[in-house]
Amino acid sequence: MRRRATLLQRMHIDGVLLLLLLTLAAGSLFVLYSAGGKNVDLLIKQATSYGFGLGAMLVIAQLEPRFMARWVPAGYLAVVALLVAVEFVGYTAMGATRWINIPGVIRFQPSEFMKIIMPMTIAWYLSARALPPGIKHTMVSLGLILTPFVLILKQPDLGTSLLVLVSGAFVLFIAGLRWRWILSAIAALVPIAVAMWYFVLHNYQKQRVHTFLDPESDPLGTGWNIIQSKAAIGSGGVFGKGWLLGTQSHLDFLPESHTDFIIAVLAEEFGLVGVCLLLLLYLLLIMRGLVITVQAQTLFGKLLAGALTMTFFVYVFINIGMVSGLLPVVGVPLPFISFGGTSLVTLLSGFGVLMSIHTHRKWIAQV
């Protein structure tokens, strides 16, 4: 007997995901008001980005996974073309050329779109092949992954390039890539890392590694950010100093307090309790994503949902790791909390894909 779908299911909205995302949105605006120095314009921009992102999420949720799969190759080529365009006509800011600027209309970062297109592309390619993938299909997949990875790395944007690399690699892993190949790839990372150190990484990226290993070696220079970040986190204690009462951010000791280092502001003002509540929301999002992965009824949906969920976990892990001094600073914002338009819209679009995979299942149950 066919089970009747609920109103949310007919609207292709996953209620659990929507509730968690709206909670994060409210928390983001609350923390951002303090982290941004009570800047109302900043708050309006973030709220507007949330509006666009939620709208994109709801629109994408209406699209059937089969429909999305048909357009994946065109989407991949379009974003790669935009990444190539960045090389020639890109907008430069803070020493990096990552944006395409249409004066008076919009400025956006094409690499952000690749965070969704990449896992969709590898899932589309592998879902039509026998699994686990053989050497031929693995090499083709790696080619599809490394092309945008190199283009983004040249901008330079190490953080986003690593996230794109990871999002594609997760699809291969979920598809059952043989362990001997995975272990071989891990072993190959050593010479690759050495080659990147000497021939690929810029001086400021190398300095980030030095700072990660010993931030106190240059406390007033490159080590300033991480030292102040750890000071803010530690000073919050268990319950924090209170909203708008953080000293590290409001006295301008903490740089980038409304973007990459915003969790330090949250930790200082709301303490360990506030950080644990945020981590709980992230954990619930990840758990819901894994449930959707398990319940997906198509191979394309299963590969894509699993990769999007695990990439989101890496996103959170990298930001918290770098702000707390456990990882080098690579410029990855905190999902749904840090200020940023393109990143926010991309993240919400990814959860729209998860909703589509989950709500377009066939709702059939036995009596």
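Residues numbered from 1 in each chain as written. Predicted model: local features only at pLDDT ≥ 70, side-chain atom pairs only at ≥ 80, totals over all residues. Heavy atoms only, no water.

- Where an unreviewed UniProt entry is consulted, the chain appears under the name Peptidoglycan glycosyltransferase MrdB, with the organism given as Stutzerimonas zhaodongensis.
- The record in UniProt for the chain states the following under Function (unreviewed entry): "Peptidoglycan polymerase that is essential for cell wall elongation." (UniProt positions renumbered as here; feature names shortened; annotations may be inferred.)

**Details of the overall build of the chain**
Step number 1: Counting its regular elements, the chain contains 14 helices and three strands.
Step number 2: Its C-alpha radius of gyration of 21 Å places the chain within 12% of the 21 Å reference for a compact globule of 367 residues.
Step number 3: In terms of its C-alpha atoms, the chain occupies a principal-axis envelope of roughly 65 × 50 × 45 Å.
Step number 4: Residue burial in the chain is summarised as follows: out of 367 residues, 46% are buried.
Step number 5: For the chain, the share of sequence-separated contacts (at least 6 apart) that also reach a separation of at least 24 residues comes to 72%.
Step number 6: Surface summary for the chain: the accessible area is close to 17,700 Å², and the carbon and sulfur share equals 71%.
Step number 7: Between the mean site of the 24 positive side-chain charges and the mean site of the 14 negative ones, the chain shows a separation of 20 Å. (Helix = DSSP H or I, 4+ residues; strand = E, 2+ residues; numbered from the N terminus. Rg over C-alpha atoms; globule rule 2.2 N^0.38 Å. Buried < 20%, exposed > 50% of the residue type's maximum accessible area, 1.4 Å probe, protein only. Contact = heavy atoms within 4.5 Å. Areas by Shrake-Rupley, 256 points an atom, 1.4 Å probe, with all protein chains shown as cover. Lys, Arg positive; Asp, Glu negative; His and termini not counted. Charge placed at Lys NZ, Arg CZ, Asp CG, Glu CD.)

**Notes on the sheet that holds strand β3 (residues 106–108)**
Step number 1: Strand order in the open sheet made by the three strands is β1-β2-β3, with antiparallel pairing throughout. Lying at the two open borders of the sheet, with one neighbouring strand each, are β1 (91–93) and β3. When strand polarity is set aside, the average angle formed by the axes of neighbouring strands in this sheet is 40°.
Step number 2: Here strand β2 (residues 96–102) pairs with β3 via three bridges, running antiparallel. What sits directly across from I100, in β3, is F108. (Pairing = 2+ DSSP bridges. Axes fitted to C-alpha atoms, helices over the stretch in contact; angles between N-to-C directions.)

**Let's talk about the pattern of salt bridges**
Pairing is possible between side chains that carry opposite charge, provided their charged atoms lie close to one another.
Step number 1: Under the counting rule described, the total for this entry stands at five salt bridges.
Step number 2: With its nearest N and O atoms 2.6 Å apart, the salt bridge here joins R288 to D14. With R288 in helix α12 (residues 262–295) and D14 in the loop between α1 (7–10) and α2 (15–35), this pair connects stretches of sequence that are 274 residues apart.
Step number 3: Under the relative-accessibility criterion, D14 is labelled buried at 4%.
Step number 4: With a shortest N-O distance of 3.0 Å, E268 and K241 are connected by a salt bridge. Linking E268 in helix α12 with K241 in the loop between α10 (224–235) and α11 (247–250), this pair joins segments that are 27 residues apart in sequence.
Step number 5: Look at E268 and you get buried, because its relative accessible area is 0%.
Step number 6: Exposure remark for K241: the relative accessible area of 31% places this residue in the partly exposed category. (Salt bridge = Lys/Arg side-chain N within 4 Å of Asp/Glu carboxyl O.)

**Notes on the packing of aromatic side chains**
Step number 1: Within this structure, the stated rule accounts for 11 aromatic pairs.
Step number 2: A centroid spacing of 4.3 Å and a plane angle of 15° characterise the contact between F30 and W243, whose relative ring orientation is stacked. Within this pair, whereas F30 is found in helix α2, its partner W243 is found in the loop between α10 and α11, the two being separated by 213 residues in sequence.
Step number 3: F30 sits in the partly exposed class, given a relative accessible area of 38%.
Step number 4: What makes W243 partly exposed here is its relative accessible area of 33%.
Step number 5: On the numbers, 6.0 Å between centres and 40° between planes, the contact of F30 with F270 is tilted. A residue pair is termed long-range when its members are at least 10 positions apart, and F30 in helix α2 and F270 in helix α12 qualify at 240 residues.
Step number 6: An aromatic cluster is defined as three or more aromatic residues linked by ring pairs; in this entry it consists of F30, Y33, W243 and F270.
Step number 7: One residue, R178, lies across the ring of W181, its end atom 5.3 Å from the ring centre. (Phe/Tyr/Trp six-rings, centres within 6.5 Å; stacked < 30°, edge-to-face > 60°. Lys NZ or Arg CZ within 6 Å of the ring centre and 35° of its normal.)

**A look at the environment of Y33**
Step number 1: Its place among the elements puts Y33 in helix α2.
Step number 2: We classify Y33 as partly exposed; its relative accessible area is 23%.
Step number 3: Linking Y33 and V330, residues 297 residues apart in sequence, is a C-alpha distance of 24 Å.
Step number 4: Aside from chain neighbours lying at most four places away, what touches Y33 is K38, N39, V40, L43, W243 and L244.

**Some points on α10**
Step number 1: Taking 1.5 Å of rise per residue, the 12 residues of α10 would be expected to cover 16 Å, and the 16 Å separating its terminal C-alpha atoms lies within 8% of that figure.
Step number 2: Taken together, the buried positions of α10 are occupied by I226, Q228, S229 and A232. The buried residues of α10 all sit within an arc of 165° when viewed along its axis, so they share a single face.
Step number 3: Buried residues along α10 sit against α9 (203–213), α11, α12 and α13 (299–323).
Step number 4: Just downstream of α10, G237 is the residue with a positive phi angle, here 65°. (Expected span 1.5 Å × (residues − 1). Arc of directions from axis to C-beta.)

**Comments concerning the confidence of the model for the chain**
Step number 1: Chain-level pLDDT for the chain is 87 on average; 96% of the residues reach the 70-or-more range.
Step number 2: Taking the mean pLDDT of every element in the chain, the minimum, 74, falls on α9 and the maximum, 95, on α12.
Step number 3: This model gives residues 363–367 a pLDDT under 50, and the stretch forms eight contacts once residues within four places in sequence are excluded. (pLDDT = per-residue confidence, 0-100.)

**Topic: the UniProt feature "transmembrane region" (unreviewed entry) in the chain**
Step number 1: Mapped onto the present numbering, the UniProt feature "transmembrane region" (unreviewed entry) falls at residues 75–93, 138–153, 159–177, 182–200, 270–291, 303–330 and 336–357.
Step number 2: End-to-end, the C-alpha atoms of residues 75–93 are 26 Å apart, and along that stretch the chain is 79% helix and 16% strand.
Step number 3: As a span, residues 303–330 carries 75% helix and 0% strand, and end to end its C-alpha atoms are 27 Å apart.

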